[in-house]
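Tertiary structure, described
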Amino acid sequence: MAFSVDFYAEERKNVRKTALLVTLFYIMMAAFGLIIDFAFGMLPTFTAVFLSIATIQFLVSIYSGKKMVLRSVKARPFNPENFEEKQLKNILDELTISAGLPKPPELYIIDNDEVINAFATGFKREDAVVCVTTGLLKNLNREETAGVIGHELSHIVNRDILIMTMISALIGAVVIIQIFAVRALLNYLRFGGFARGRRRSKKDNTGTAILVFFAAVAGLATLFSFVGKLSLFAVSRTREYFADARSVELTRNPVGLASALRKIATVSKKLPTANTATAHLFIADPLKRKVNEKSSAFASLFSTHPPIYKRIATLENRSPEEVKKELDIR
């Protein structure tokens, strides 16, 4: 590897980041509510509502987040009667011991032969899940599969799944408010609010106030959601390099993961069951967005993963441009 990482320090840092993230988010939601309340003289109505939404979303992410993710991507438990899936389970069990985890994560499968991908999720190590596509089972050899599984186990050991689950849940709370406000605004405009005619009345003034209120809530929610997503993207990009490095430490073999990433880079098919809410969890972008293969400062703001050619170059200790040319990425 071209760099070394103190994995235990990163693990502790992720726990601290999560606690700080949750604290800052609650402060942000309280500030969001206070702005609306003070602007319209409704204190503490919306402050209480927004904090309640944040708390509910936080609790849902802890107790149901894993199930919701697995359901959304249409994953199923692995079949021990299937030879390829049983072999995958053996690899997972072996690397779990190397990673020092008390028990193997649950193993799930997405039935899609055309896509090579995998992800890990869960709130803590004890309830973690590793999920792979059938395309991964059919297209990667044992060495390559071990590299990918090592990468996903690294996210569990490093507690990446903790911070990413929290970011997703908290952004989800803001999105709920955003959707509610935008729909309320559109419905108000569509079904009436302003008195028609030339005469202005008290109803006109009330309608204007309601319109401004919904527009303000929608605008602030959009702003907070945008900032939150940028934070998620930044954390997601950084953690991929750390997970690649730790995978090499677990497998003692950088070639396996580098070879797997090369095969993943050649697949052009998107994963139909993935969406923007789950894309950051995967080892490579399942939506195949071009922004993830660009290295400009602007692209970096909106990409969920670092460019695959850069990850391969780091694993092979080579020039990124050389690898990019080999992969014919434009």
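Things to note about the sheet that holds strand 3 (residues 118–121)
Taken in spatial order, the four strands of this open sheet run 1-2-4-3, and their pairing is mixed. The outermost strands of the open sheet, each flanked by one partner alone, are strand 1 (75–77) and strand 3. Direction aside, the axes of adjacent strands within the sheet are offset by 30° on average. Inspection of the sheet shows strand 2 (residues 106–110) paired to strand 4 (residues 129–133) by five bridges, in the parallel sense. Looking at the pairing, Y108 lines up with C131 of strand 4. Along the sheet, helix 5 (residues 142–157) contacts strand 3 and strand 4; its crossing angle with strand 3, the most-contacted strand, is approximately 20°.

Here we look at the packing of helix 10 (residues 308–316) against helix 11 (residues 320–327)
For the pair helix 10 and helix 11, interaxial distance at closest approach is 8 Å and the crossing angle is 120°. Between helix 10 and helix 11, the angle is such that the two are oblique. Remark: the crossing between helix 10 and helix 11 carries right-handed chirality. Contacts between helix 10 and helix 11 involve Y309, K310, I312, A313 and E316 from the former and P320, V323, K324 and L327 from the latter. Class assignment for the residues of the contact of helix 10 with helix 11 results in six nonpolar, no polar and three charged.

Here we look at the nonpolar core
Of all hydrophobic cores here, the largest spans 42 residues; its most connected members are V132, I149, L153, I156 and L261. When residues of this core are assigned to their parent elements, the largest contribution, six residues, is made by helix 5. If near-sequence neighbours (up to four positions away) are discounted, I156 is found in contact with L101, P105, A120, R125, A128, V130 and I161. Among the nonpolar cores identified, the runner-up in size contains 28 residues, and F58, V174, A181 and A218 belong to it.

Quick word on the pairing of strand 4
Most of strand 4 sits inside the fold, with five of its five residues counted as buried. Bridging between strand 3 and strand 4 involves four bridges; their strand directions are antiparallel. When the bridges of strand 4 are listed, A118 appears paired with V132.

So, the environment of A75
Mapping A75 onto the fold places it in strand 1. Separated by 58 residues in sequence, A75 and T133 have C-alpha atoms that sit 8.7 Å apart. Filtering out sequence-adjacent residues up to four positions away, A75 remains in contact with L70, Y108, I109, I110 and C131.

As for the packing of helix 8 (residues 254–266) against helix 10
Between two packed helices, both the angle of their axes relative to each other and the distance between the axes serve to describe the pair. Relative orientation of the contacting elements helix 8 and helix 10 amounts to 160°, with a least axis distance of 9 Å. The orientation of helix 8 relative to helix 10 falls into the category roughly antiparallel. For the element pair helix 8 and helix 10, the recorded crossing hand is left-handed. Contacts from P254, L257, A258, L261, R262, I264 and A265 in helix 8 reach I308, R311, I312, L315 and E316 in helix 10. Among the residues making up the contact of helix 8 with helix 10, the classes are represented as nine nonpolar, no polar and three charged.

Quick notes on the pairing of strand 2
Counting buried positions along strand 2 gives four out of five residues, so the element sits mostly inside the fold. For strand 1 and strand 2, the ladder comprises three bridges, and the chain directions are antiparallel. Bridge pairing in strand 2 links R76 to I109.

A short note on unusual backbone geometry
The peptide bond linking L43 to P44 adopts the cis configuration, its omega dihedral lying at 0°. Here P44 lies in the loop between helix 1 (7–40) and helix 2 (45–72). One non-glycine residue, K74, lies in the positive phi region at around 60°.

Comments concerning the pattern of salt bridges
For the structure shown, the criterion picks out 17 salt bridges. One salt bridge connects D285 with R289, and the closest N-O pair in it is separated by 3.0 Å. The partly exposed category is assigned to R289, whose relative accessible area is 26%. Across the salt bridge formed by E316 and R318, the nearest N and O atoms sit 2.9 Å from each other. Because the salt bridges share partners, they merge into one network encompassing R262, E316, R318, E322 and E326.

Here's the deal with the environment of A313
Position of A313 relative to the elements: it lies in helix 10. Expressed as a C-alpha distance, the spacing of A313 and A258, which sit 55 residues apart in the sequence, is 8.4 Å. Apart from the residues within four sequence positions on either side, A313 is in contact with R318, S319, P320 and V323.

Some remarks on the confidence of the model for the chain
Low pLDDT means the predicted atomic positions in that stretch should not be read closely. On average, residues of the chain score 85 in pLDDT, and 90% of them reach the 70 mark or higher. Per-residue pLDDT stays below 50 along residues 194–199; that stretch engages in nine contacts with residues further than four places along the chain or on separate chains.

What counts and what doesn't
- Residues numbered from 1 in each chain as written.
- Predicted model: local features only at pLDDT ≥ 70, side-chain atom pairs only at ≥ 80, totals over all residues.
- Heavy atoms only, no water.
- Pairing = 2+ DSSP bridges.
- Helix = DSSP H or I, 4+ residues; strand = E, 2+ residues; numbered from the N terminus.
- Axes fitted to C-alpha atoms, helices over the stretch in contact; angles between N-to-C directions.
- Contact = heavy atoms within 4.5 Å.
- Parallel < 35°, antiparallel > 145°, perpendicular 65-115°, else oblique.
- Left-handed = near helix turned anticlockwise from the far one by under 90°.
- Nonpolar A, V, L, I, M, F, W, Y, C, P; charged D, E, K, R; others polar.
- Core = buried A, V, L, I, M, F, W, Y, C linked by side-chain atoms within 4.5 Å.
- Buried < 20%, exposed > 50% of the residue type's maximum accessible area, 1.4 Å probe, protein only.
- Salt bridge = Lys/Arg side-chain N within 4 Å of Asp/Glu carboxyl O.
- pLDDT = per-residue confidence, 0-100.

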